[in-house]
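One-letter residues, chain by chain:
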Amino acid sequence: MTQCTVVFGGAGFAGLNIVEALLKRGRDVWVFDRSDVPAAAREAFAKLPGSLEVVSADVRDRAMVDAAIAPGTDSIVFGTAITANAERDATVPALVLDTNLMSLVPVLERARAVGVRRVVNLSSVAAYGATGDRLPVLEETSPVDPQSLYAISKFATERVADRLSALWGMDAVSVRLCSVFGPWEYATGARDTLSPHLQVMLAAAQGRPALLPRPINRDWLFAPDMAEGVLAVLDAPKLPHRLYNVSPGKTWSILDFGRALGATFPGFECRLAAPSEAPTIDPHAPSDRAPLSAERVAQDAGWRAQTTMADAAKAYGAWWQLYGARMTGRA
């Protein structure tokens, strides 16, 4: 295996978008995931110039990790994670922490042993936690206040990657992804918080109105843009920092997104729930947090999000018509 990128968690939502972006560039990609790459994604990816191999294994299996990161591996994207809700935090905390945090260490050890050029660790806006309610914008230097085990473990991966890469003289960088939506999102069993966009899309496809508790403003990032941001960090010749936000740097609302879907689904109704109505869309948070600054990644890696809200709604709608029902099994 030469000049290959191994994507841990590559069969998940973020992972599939990153894999697709790599394949479009003609890269050799190995997906390492307990789940298989969905058939619809395989069909789409087969049309791209890169080559795809899938390793179906648990990231906690050290022997399989060592086999996947073979000599000659160019780079690694570590995106394995259980996005646990409070119920899963309470019932299987060891599983969440083992998967999200402890599994990173063998990956870094093996990457060091075979001379991997760069490891990109996918972290999350969740690392900022309650700080997002206190500051107008979240920069990489802003205080963190993670709350859930997912958020705590993601922040811990940043510190572990930073510490070990400094001790070992290797190149490991973390990216904090903001709230991502778009193609290839589906219920994998590892994510307890499906995006409001997918909830709205399902309502549109099934001919149901989408009733929102509030407009739900956030720095929503279209998944293909997210993948381009991760690849910009993965491929930058030299990076002066070990942590980067990946975000559009500005906010817009789910309400506007839902209304824009009317171009794909004529007659679809997306609106605020009346006082007498129960909302049908769950924002997974009681309030809207501050956006992430994207100035550092723009300066150091030359990346800025390119897709407007209206264009994202159009592109996501077009993707849904091709693959949505097959990916969700519910539309």
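Up top is the structure.
Being a predicted model, the structure only gives us computed values, none of them experimental.

Undergrad: Could you give me a rundown of helix α7 (residues 149-168), with the residues and numbers involved?
TA: Here α7 is 20 residues long and its end C-alpha atoms lie 27 Å apart, about the 28 Å a rise of 1.5 Å per residue gives. Among the residues making up α7, those that are buried are L149, Y150, A151, S153, K154, T157, E158, A161, L164 and S165. Each element contacted by the buried residues of α7 is listed here: α4 (86-91), α5 (93-102), α6 (104-114), β5 (118-124), β6 (172-177) and β11 (243-246). Looking one or two residues past α7, G169 carries a phi angle of roughly 70°, positive in sign.

Undergrad: Please set out the nonpolar core residue by residue, giving values where relevant.
TA: I18, F45, V175, W184, F268 and Y316 are the most contacted members of the largest nonpolar core, which totals 78 residues. When sequence neighbours within four positions are dropped, the list of residues in contact with Y316 reads F181, G182, P183, E185, H197, L198, M201, F222 and F257. Of all hydrophobic cores here, the second largest spans 22 residues; its members include V116, V119, L164 and A172.

Undergrad: How would you explain the pairing of strand β3 (residues 51-56) if you had to name every residue and give the values?
TA: Here six bridges tie strand β2 (residues 28-33) to β3, and the two strands are oriented parallel to one another. Opposite V31, over in β3, you have V54 as the bridge partner. Crossover handedness for the path β2 to helix α2 (residues 39-45) to β3: right-handed.

So, how was this worked out
Residues numbered from 1 in each chain as written. Predicted model: local features only at pLDDT ≥ 70, side-chain atom pairs only at ≥ 80, totals over all residues. Heavy atoms only, no water. Helix = DSSP H or I, 4+ residues; strand = E, 2+ residues; numbered from the N terminus. Expected span 1.5 Å × (residues − 1). Buried < 20%, exposed > 50% of the residue type's maximum accessible area, 1.4 Å probe, protein only. Contact = heavy atoms within 4.5 Å. Core = buried A, V, L, I, M, F, W, Y, C linked by side-chain atoms within 4.5 Å. Pairing = 2+ DSSP bridges. Right-handed = clockwise from strand over helix to strand, strands pointing away.

So, to be careful, I would describe these as geometric facts and stop short of saying anything about function.
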